[in-house]
Amino acid sequence: MLVLAQISDLHLDGSPRATERARRVLDHLRALPGPLDALLVTGDIADHGAEAEYEEAAGLLGLHDPATPFPVLPCPGNHDSRVPYRKALLREPGGDGPVNRAHRVGSAVVLMCDSSVPGADDGTLDDETYAWIEEELDALDGETPVLIAFHHPPLALHHRLPDRYQLSQPRSLARLLERRPEIVAVITGHAHTPAATTFAGRPLVVGPGVTWTLRMPWEGEQFADREAPVGLAFHVLDDERRLTTHFRTV
């Protein structure tokens, strides 16, 4: 059994508010009495894509600190910028191609994919990313359970704001899932609201936002609840390859 925490949409911008909310949820995770196998950070880590924002994020996440009690697995969102993301967050050479990373976590593999489109808020998994996913899957034995995580949900969540910028060409993702039974679930962020549904016969879980929570149309006209507590998710992948998600606030 694996236990994976997920946070999303930190939107670090140098403000005390953004920093405090990120620190609050990370302190909570580090203080848990039971171990986590990994922390997924599903995009919009920075608000403006600035190097200083990623330097702060790296410190808050403990991304390069050997004392961090669990692996931290990030991917970009539409507010992120690939060159400073690589340079200041990952401490890698710059580059403007998609930031895709594969991680072995216990008995599973987590593919953190880049659905960002440079200069736009739209989302896509481009041909390079799909080819990379296929190569990573081909390198496995077909029995290893695989989770795919990226920023933009591939279907409507029934609010005009995230639905305007969902993943384009979702049928391409659906065809991948239909061909690849080893992919057991899809995990995204972007919408700032915890949500769970299915996509192409797989669980699709949308993590809540750290910076603010989306109010749905039936909850009132003001869509951004900036006073809501910080949200996070815990995903449990059991030995039957079943994903169960628990949402929490801090």
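Whatever comes next refers back to the structure up there.
Residues numbered from 1 in each chain as written. Predicted model: local features only at pLDDT ≥ 70, side-chain atom pairs only at ≥ 80, totals over all residues. Heavy atoms only, no water.

Attention now goes to the overall build of the chain. Across its full length, the chain carries six helices and 15 strands. The C-alpha radius of gyration of the chain comes to 17 Å, within 12% of the 18 Å expected for a compact globule of 250 residues. When its C-alpha atoms are laid out on the principal axes, the chain stretches across 45 × 45 × 40 Å. A total of 250 residues make up the chain; the buried ones form 54% of that total. By element, 51% of the accessible surface of the chain is carried by carbon and sulfur atoms, the whole surface being about 10,800 Å². (Helix = DSSP H or I, 4+ residues; strand = E, 2+ residues; numbered from the N terminus. Rg over C-alpha atoms; globule rule 2.2 N^0.38 Å. Buried < 20%, exposed > 50% of the residue type's maximum accessible area, 1.4 Å probe, protein only. Areas by Shrake-Rupley, 256 points an atom, 1.4 Å probe, with all protein chains shown as cover.)

This next bit is on the sheet that holds strand E9 (residues 183-188). Strands sit in the order E4-E5-E8-E9-E11-E10 across an open sheet of six strands; the sheet is mixed. The sheet is open, and its two borders are formed by strand E4 (101-105) and strand E10 (195-199), each paired with just one other strand. Going across the sheet, the axis of each strand differs from the next one's by a mean of 20°, ignoring polarity. Where E10 meets strand E11 (residues 202-206), five bridges bridge the pair, whose relative direction is antiparallel. Each residue of the ladder has a partner; that of alanine 195, found in E11, is valine 206. Where helix H6 (residues 170-179) meets the sheet, its contacts fall on strand E8 (146-149), E9, E10 and E11, and the angle it forms with E10 comes to roughly 70°. (Pairing = 2+ DSSP bridges. Axes fitted to C-alpha atoms, helices over the stretch in contact; angles between N-to-C directions. Contact = heavy atoms within 4.5 Å.)

Attention now moves to the packing of helix H2 (residues 51-61) against helix H3 (residues 82-90). Look at H2 against H3: their axes get within 8 Å of each other, and the N-to-C directions meet at 35°. The two elements H2 and H3 meet at a crossing, and its hand is right-handed. Here Glu51, Tyr54, Glu55, Ala57 and Ala58 of H2 lie close against H3, whose contacting residues are Pro84, Tyr85, Lys87, Ala88 and Leu89. (Left-handed = near helix turned anticlockwise from the far one by under 90°.)

The next point concerns the packing of helix H4 (residues 127-138) against H6. The contact between H4 and H6 brings their axes to 12 Å, and the two run at 10°. Taken together, the axes of H4 and H6 lie roughly parallel to each other. Across the interface between the two elements, Tyr130, Ile133 and Glu134 of H4 pack against Ser172, Leu173, Leu176 and Arg179 of H6. Per-class residue counts for the contact of H4 with H6 are four nonpolar, one polar and two charged. (Parallel < 35°, antiparallel > 145°, perpendicular 65-115°, else oblique. Nonpolar A, V, L, I, M, F, W, Y, C, P; charged D, E, K, R; others polar.)

Our next topic: the nonpolar core. Within the largest apolar cluster, 33 residues are counted, with the highest numbers of intra-cluster contacts made by Ile7, Leu26, Leu29, Leu39, Val41, Leu61 and Leu89. Of all elements in the fold, only strand E1 (2-7), helix H1 (16-30), strand E2 (38-42), H2, H3 and strand E14 (231-237) reach the threshold of two or more residues within this core. Residues contacting leucine 61, with those up to four places away along its chain left out, are Ile7, Leu26, Arg30, Leu39, Val41, Thr68 and Val72. If you look at the next biggest cluster of nonpolar residues, it comprises 25 residues, including Phe150, Leu157, Val186 and Ala195. (Core = buried A, V, L, I, M, F, W, Y, C linked by side-chain atoms within 4.5 Å.)

Strand residues, when the strand is regular, have side chains that alternate between the two faces of the sheet. Sheet topology places E4 next to strand E5 (residues 108-112); five bridges connect them, and they run antiparallel. Of the residues in E5, the one forming a bridge with arginine 104 is valine 109. Counting the residues between successive antiparallel strands, the hairpin from E4 to E5 contains two residues, one of them, glycine 106, with a positive phi of roughly 60°.

Next up on the list: the layout of surface pockets. For the largest pocket, the calculated volume is near 340 Å³. If you go around the largest pocket, you meet 20 residues; those closest to its centre are His11, Asp44, His79, His192 and Trp212. Of all the secondary-structure elements, those providing two or more residues to the lining of the largest pocket are H1 and helix H5 (160-164). When its residues are assigned to classes, the lining of the largest pocket shows seven nonpolar, seven polar and six charged. (1 Å grid on protein atoms, 1.4 Å probe; cavity = no way out; pocket = protein on both sides within 12 Å on 5 of 7 lines; lining within 4 Å. Points joined across faces, edges and corners; volume = space filled by probe spheres on them.)

Once that is clear, we can look at the pattern of salt bridges. One pass over the structure, following the stated rule, counts eleven salt bridges. Of the charged contacts, one joins aspartate 138 and arginine 180 as a salt bridge, the two residues approaching to 2.5 Å between their closest N and O atoms. Placement of the pair is aspartate 138 in helix H4 and arginine 180 in the loop between H6 and E9, with a sequence separation of 42 residues. Note that glutamate 240 and arginine 242 form a salt bridge whose closest N and O atoms lie 3.2 Å from each other. Arginine 242 gets classed as partly exposed once you look at its relative accessible area, which sits at 47%. It is possible to trace a salt-bridge network through shared partners that takes in Glu134, Asp138, Arg179, Arg180 and Glu182. (Salt bridge = Lys/Arg side-chain N within 4 Å of Asp/Glu carboxyl O.)

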